[in-house]
Amino acid sequence: MTLDSTQGAEARVRDPFSSLSTRFTESVIREMTRLILAAHGDQGINLAQGFPDFAAPEAIKEAACAAIRGDVNQYAITWGNADLRHAVAAQMGRLHGLDVDPEREVTVCCGATETMVATLLAVLERGDEVVIFEPFYENYGPDCLISGATPRYVPLRPPAWDFDPDELRAAFSPRTRAVIVNTPHNPTGKVFSRAELELIAELCRRFDVLAVTDEIYEHLVYAGQHVPIATLPGMRERTVTVNGLSKTYSVTGWRVGYAVAPAAITDALRKVHDFLTVGAAAPLQVAGAAALRLPDSYYQNLLAGYRERRQHMLDTLDRAGFRAYPPDGAYYVMAGIEDLTDEDDVGFSRRLIADAAVAVVPGSSFYAEPELGRRMVRFAFPKRMATLEAARERLLALR
Ligand code: PLP
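Residues numbered from 1 in each chain as written. Predicted model: local features only at pLDDT ≥ 70, side-chain atom pairs only at ≥ 80, totals over all residues. Heavy atoms only, no water.

K.L.:
For this particular structure, what's the right way to read the packing of helix H4 (residues 111-123) against helix H8 (residues 263-277)?
P.N.:
For any two helices packed against each other, the geometry comes down to the angle between their axes and how far apart the axes lie. Between H4 and H8, the shortest axis-to-axis distance is 8 Å and the interhelical angle comes to 120°. Judged on the interaxial angle alone, H8 and H4 are oblique. Pair H4 / H8 crosses with right-handed handedness. Contacts between H4 and H8 involve Glu114, Thr115, Ala118, Thr119, Leu121, Ala122 and Val123 from the first element and Ile265, Ala268, Leu269, Val272, His273, Leu276 and Thr277 from the second. (Axes fitted to C-alpha atoms, helices over the stretch in contact; angles between N-to-C directions. Helix = DSSP H or I, 4+ residues; strand = E, 2+ residues; numbered from the N terminus. Parallel < 35°, antiparallel > 145°, perpendicular 65-115°, else oblique. Left-handed = near helix turned anticlockwise from the far one by under 90°. Contact = heavy atoms within 4.5 Å.)

This is how it looks when you write it as structure tokens:
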């Protein structure tokens, strides 16, 4: 505790934390990971946090080892290793036909996580509003608050996780500065359709709003097609595309992400990023360039593996009595618990850890209004088939 010395004899004890820090809680996803570890050690099955329990590609592990052996041990240039930035620009061109300048439009950060908050700090003014589709990846709310902005939520409703165009229109106003679009979407697996993105783009143009789009699951699409909003007319100059190595290359612990944005936004983002973290791990950026140059067959095999896991997970949930909403993309399933229990999502998730040694995420943690998620939980399936099989046995035994 710190004493406020200006108060003399009437000294009061100051809170040792900022009021900002009280406006959000510990990440529920990380909390569930902690709880299952504490309760069951390595016997627990963590279907809460979205990280693979299988190996990263051999070629990129080799590239990382070679970089360290080759003494890539010092700070990378703050906005990112040139080879990685060139690989990012080349991939954006090859996959999406976007012409990206690696010198002026790409910034490498510590994961998509830092990329997102650094972007918002770089573009938002206090009091700006940010449109966020709800449910949402839980970082976006705190990211807005840290940036001094006010989130405006637009609901995605099950079973198809559609939004009401009128509700979206009503969320945009002259106060709106940005909209966060996460496609493919965590936690629902929604892949935004071209028509939906066109409406978002039209509103961005009309209200002079930036699209900050999190495309970290772009290679995991089971139905529909991934459309980067930057490819729509008039959007390249008002879009920040956030992406990273974590999910596509199964290296969530490497903490390498990046943004592609017009030069003026990139300048601002690079300054914020520099003073936040200086740079991402230099040897892992070198390996990242090798990752982005993997052949097409890598992405085809990745997707085939995830299709199999997805189907296994859906079969398990169906047999175990959950009401699953099959995802079109990413590697999560939102599932209703109404046929299984009268408990709420948090009570049910805690019991699942205690009784089945399986961790999931309570649905409410993806909503600003927790009541909307009280009857759902989220399963993550980036796991070996043996892990998913063991999870199946435990979940079926619950019935
Ligand atoms: N964005 C989304 C939508 C995610 O689901 C996650 C991780 O679960 C992240 C970003 C985090 O990415 P990174 O590991 O690159 O920080």
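K.L.:
What is the right way to look at the sheet that holds strand E11 (residues 323-325) in this model?
P.N.:
Strand order in the open sheet formed by 4 strands is E11-E12-E15-E14, and the pairing between neighbours is antiparallel. Pairing within the sheet leaves two strands with one partner each, and these edge strands are E11 and strand E14 (361-362). Where E14 and strand E15 (residues 376-380) come together, 2 bridges link them in antiparallel fashion. Across the sheet, residue Pro362 finds its bridge partner in E15, namely Val377. (Pairing = 2+ DSSP bridges.)

K.L.:
Where do I start with the pattern of salt bridges in this structure?
P.N.:
Pairs may arise between side chains of opposite charge once their charged atoms sit close together. In the structure shown here, the tally under the stated rule is 20 salt bridges. The salt bridge involving Asp83 is made with Arg293; its shortest N-O contact spans 2.9 Å. Of this pair, Asp83 sits in helix H3 (residues 82-96) while Arg293 sits in the loop between helix H9 (282-292) and helix H10 (296-320); the two residues are 210 residues apart in sequence, bridging distant segments of the chain. According to the relative accessible area criterion, Asp83 is partly exposed, its value standing at 37%. Because the salt bridges share partners, they merge into one network encompassing Glu129, Arg152 and Arg175. (Salt bridge = Lys/Arg side-chain N within 4 Å of Asp/Glu carboxyl O. Buried < 20%, exposed > 50% of the residue type's maximum accessible area, 1.4 Å probe, protein only.)

K.L.:
What's the story with the sheet that holds strand E8 (residues 210-214) in this structure? I'm lost.
P.N.:
Remark on secondary structure: sheet strands pair via backbone hydrogen bonds, oriented parallel or antiparallel. A sheet is described by the order of its strands in space; here 7 strands give the open sequence E4-E10-E9-E8-E7-E5-E6, paired in mixed fashion. Two strands in the sheet have a free side with no partner beyond their single neighbour: strand E4 (106-109) and strand E6 (150-155). Neighbour to neighbour, the strand axes of the sheet diverge by 20° on average, direction disregarded. Both E8 and strand E9 (residues 239-244) contribute to a ladder of 4 bridges, which runs parallel. Counted as the bridge partner of Ala211 is Thr239 from E9. Lying on the sheet, H8 is in contact with E4, E8, E9 and strand E10 (257-260); it crosses E4 at an angle near 20°.

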